[in-house]
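Structure assessment
Okay, here's what each chain looks like letter by letter:
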Amino acid sequence: MTDDMGTFRTTIAIENPLRRGELRHLRDTLVDTGAELTWAPREILEELGIAREKRLGFRTADGRAVYRDIGYAIVHAGGTHTSDEVVFAEEGDMILLGARSLEGLNLRVDARSKQLVDAGPIVAAVA
């Protein structure tokens, strides 16, 4: 993980839930708690056979609206994995590990050490 203006980057892996065991590693992925979804290169998602399930609009930091396809994938990071919706990132888009994946992975950002760490027990309602 490297420092980048107060943020950090890590390596994640993407896997097709229908083709378990075939992973693609994405080095230098920006950990972005301000982004809802994880963004992975379209070419990688296509190689893995991840299907486009829907198309959503996103507002960029500079105010533009962009539309991208979304598919279902297994996201691996920090020694754990989760299923999530993943954006088919186009040329020029950032590759991001988003907040929903972090929550599903039960990881949190340790800003001081610039690492992903276990978020601890998950809050649950009990009778």
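The sections below set out a description of the structure shown in this document. (Residues numbered from 1 in each chain as written. Predicted model: local features only at pLDDT ≥ 70, side-chain atom pairs only at ≥ 80, totals over all residues. Heavy atoms only, no water.)

**Regarding the nonpolar core**
One finds Ile14, Leu45, Ile50, Leu97 and Leu116 to be the most contacted residues of the largest nonpolar core, which totals 20 residues. Broken down by secondary-structure element, the contributors of at least two residues to this core are β2 (7-15), β3 (23-31), α1 (42-47), β6 (65-77), β7 (80-89) and α2 (99-105). (Core = buried A, V, L, I, M, F, W, Y, C linked by side-chain atoms within 4.5 Å. Buried < 20%, exposed > 50% of the residue type's maximum accessible area, 1.4 Å probe, protein only. Helix = DSSP H or I, 4+ residues; strand = E, 2+ residues; numbered from the N terminus.)

**A few points about the pairing of β3**
The pairing of β2 with β3 spans six bridges and is classified as antiparallel. Counterpart to Arg9 in the pairing with β3 is Leu30. With two bridges connecting them, β3 and strand β8 (residues 96-97) associate as parallel partners. If you follow Val31 over to β8, its bridge partner there is Leu97. (Pairing = 2+ DSSP bridges.)

**Considering unusual backbone geometry**
Its identity is not glycine, yet Asp28 carries a phi of approximately 65 degrees, on the positive side. Among the structural elements, Asp28 can be located in strand β3. You will see that Lys114, though not glycine, has its phi angle at about 55 degrees, which is positive. Of note, Lys114 is situated in the loop between β9 (107-110) and β10 (115-118).

**Here we look at the environment of Thr29**
Within the element layout of this structure, Thr29 appears in strand β3. With 25 residues separating them in the primary sequence, Thr29 and Lys54 have C-alpha atoms 23 Å apart. When residues no more than four places from it in sequence are discounted, the contact partners of Thr29 are Phe8, Arg9, Thr10, Ile12, Ile95, Leu96 and Leu97. (Contact = heavy atoms within 4.5 Å.)

**Some details on the side chain of Glu15**
Here Glu15 shows up in strand β2. Separated by 2.5 Å, the side chain of Glu15 and the backbone nitrogen of Gly21 make a polar contact. For Glu15, the side chain forms a polar contact with the side chain of His76, separated by 2.7 Å. Residues within four places of Glu15 in sequence aside, it is in contact with Arg20, Gly21, Glu22, Leu23, Leu48, Ile50, Ala73, Ile74 and His76. (Polar contact = N/O pair within 3.5 Å; in protein donor to acceptor, adjacent residues only side chain to side chain.)

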